[in-house]
Amino acid sequence: MQVDLLAGNCHRSAVMPQRRPTILLFDSGLGGLTVLSEVVASRPDADIVYAADDAAFPYGRLSEAALIARVLAVMERLVARFHPDLVVIACNTASTLVLPALRARFPIPFVGTVPAVKPAAARSRSGLVSVLATPGTVARDYTRGLIEHYAGGCEVTLVGATRLAGLAEAALKGETIGDSDVLAEIAPCFVARDGRRTDVVALACTHYPLLLARYRRLAPWPVEWIDPAPAVARRVTQLLGPAGDWRDAGEACAVFTAGTRLSGPARIALAGFGLARVEIEAMPA
């Protein structure tokens, strides 16, 4: 069995497309845009579809059975419509649970986004590491298995932030969010014990890097914040092979399952990520 922290427990080898590849990036909301940026930079030859299941946002409120059923149902629709060569699940909450079901259902490669426990433990000098995630990701056996396997020499603090993904989305849409609200969400990451302090924090939700500058400003002391997006982009290229030599850039569009909260500032933000074309694939929660 091949172990791949970014893609899940097992993966199939991808068939290198002889045409321009289509990459589907999937999240419950806008957090996956942090992964999109890295994927576009590494694969400018690809057609990109960014799909947000905003009708069911946030995924953390769903039971495990409901989350699996929801992601499979939405993915059925998206795969049938866009025929992607590869799918990135740009959501930690879904990746730590749904990847096996997706691989069993669809004959295409899936790249997941899982907590960066291994690099966090390797980079820590103090031995105090924190994983900032959603409550759902914190509760997963998958997450605890990563800690047992890769962070045995560290003390790992799991922080399930209840509001941070929503705050990140609000900020991206141009809404005002308070420093005190953000600090309350990240404060449990900072642990001081026996003269040591937390020195690495793994951002285990793709929404969280949207507020990285705010974390750095509000942090009680400097830490290294690990964003898994660059590693996800590298994995995409490993599976698809080298970028094609097309002179023109690939097409990109965003698809939402509701779109009811797509304000003017939100559309401007999407355009800034290269997603000027927005479509609705209505799928009520």
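Presented here is an overview of the structure given in this document. Computed from a predicted model, the values in this text were never measured in an experiment.

Okay, the overall build of the protein next. Within the protein, the regular secondary structure consists of eleven helices and twelve strands. A compact globule built from 285 residues should have a C-alpha radius of gyration of about 19 Å, and the protein, at 18 Å, falls within 12% of that. Expressed as a percentage of contacts within the protein between residues at least 6 apart in sequence, the contacts between residues at least 24 apart total 77%. For the protein, the exposed surface amounts to about 12,300 Å²; the carbon and sulfur share of it is 53%. The centroid of the 29 positive side-chain charges in the protein is displaced by 1 Å from the centroid of its 27 negative side-chain charges.

The subject of this paragraph is the layout of surface pockets. Put simply, the second largest pocket is a space of about 250 Å³. When residues of the lining of the second largest pocket are traced back to their parent elements, those giving at least two are helix H3 (92–105) and helix H7 (164–172). At three residues, H7 tops the list of elements feeding residues into the lining of the second largest pocket. Its residues assigned to classes, the lining of the second largest pocket shows ten nonpolar, nine polar and three charged.

Across the sheet, four strands lie side by side as E6-E5-E9-E10; this open sheet has parallel pairing. One side of each edge strand has no neighbouring strand; the edge strands of this open sheet are strand E6 (155–160) and strand E10 (224–226). Going across the sheet, the axis of each strand differs from the next one's by a mean of 20°, ignoring polarity. Relative to E6, strand E5 (residues 128–133) is paired through six bridges, and the arrangement is parallel. The partner of Ala133 across the bridge, within E6, is Gly160.

Turning our eyes to something else, we now look at helix H11 (residues 264–272). For H11, the full list of buried residues reads Ala266, Ala269 and Leu270. Down the axis of H11, the buried side of the element spans an arc of 100°, and every buried residue falls inside it. Opposite the buried face of H11, at more than 90 degrees from it, the exposed residues are Ile268 and Gly272. Next to the buried residues of H11 lie helix H1 (33–42), H7, strand E11 (252–256) and strand E12 (278–280). Note on H11: the residue one or two positions beyond its end, Gly274, has a positive phi of about 85°.

Let us now look at empty space enclosed by the protein. One pass over the structure, following the stated rule, counts one cavity of 30 Å³ or more. Quantified by volume, the largest cavity comes out at close to 80 Å³. Every residue along the wall of the largest cavity is listed here: Gly29, Leu30, Asp54, Glu169, Lys173, Phe256, Arg261 and Leu262. For the lining of the largest cavity, the class distribution of residues is three nonpolar, one polar and four charged.

Before going further, it helps to spend a moment on the packing of aromatic side chains. Under the criterion given, the structure shown has five aromatic pairs. Both rings, one in Phe190 and one in Trp221, keep their centres 5.4 Å apart while their planes meet at 85°; by these two values the pair is edge-to-face. Of this pair, Phe190 sits in the loop between helix H8 (179–186) and strand E7 (192–193) while Trp221 sits in the loop between helix H9 (212–218) and E10, and the two are 31 residues apart along the sequence. A single burial state applies to Phe190 and to Trp221, both of which are buried.

Cut-off values and rules
Residues numbered from 1 in each chain as written. Predicted model: local features only at pLDDT ≥ 70, side-chain atom pairs only at ≥ 80, totals over all residues. Heavy atoms only, no water. Helix = DSSP H or I, 4+ residues; strand = E, 2+ residues; numbered from the N terminus. Rg over C-alpha atoms; globule rule 2.2 N^0.38 Å. Contact = heavy atoms within 4.5 Å. Areas by Shrake-Rupley, 256 points an atom, 1.4 Å probe, with all protein chains shown as cover. Lys, Arg positive; Asp, Glu negative; His and termini not counted. Charge placed at Lys NZ, Arg CZ, Asp CG, Glu CD. 1 Å grid on protein atoms, 1.4 Å probe; cavity = no way out; pocket = protein on both sides within 12 Å on 5 of 7 lines; lining within 4 Å. Points joined across faces, edges and corners; volume = space filled by probe spheres on them. Nonpolar A, V, L, I, M, F, W, Y, C, P; charged D, E, K, R; others polar. Pairing = 2+ DSSP bridges. Axes fitted to C-alpha atoms, helices over the stretch in contact; angles between N-to-C directions. Buried < 20%, exposed > 50% of the residue type's maximum accessible area, 1.4 Å probe, protein only. Arc of directions from axis to C-beta. Phe/Tyr/Trp six-rings, centres within 6.5 Å; stacked < 30°, edge-to-face > 60°.

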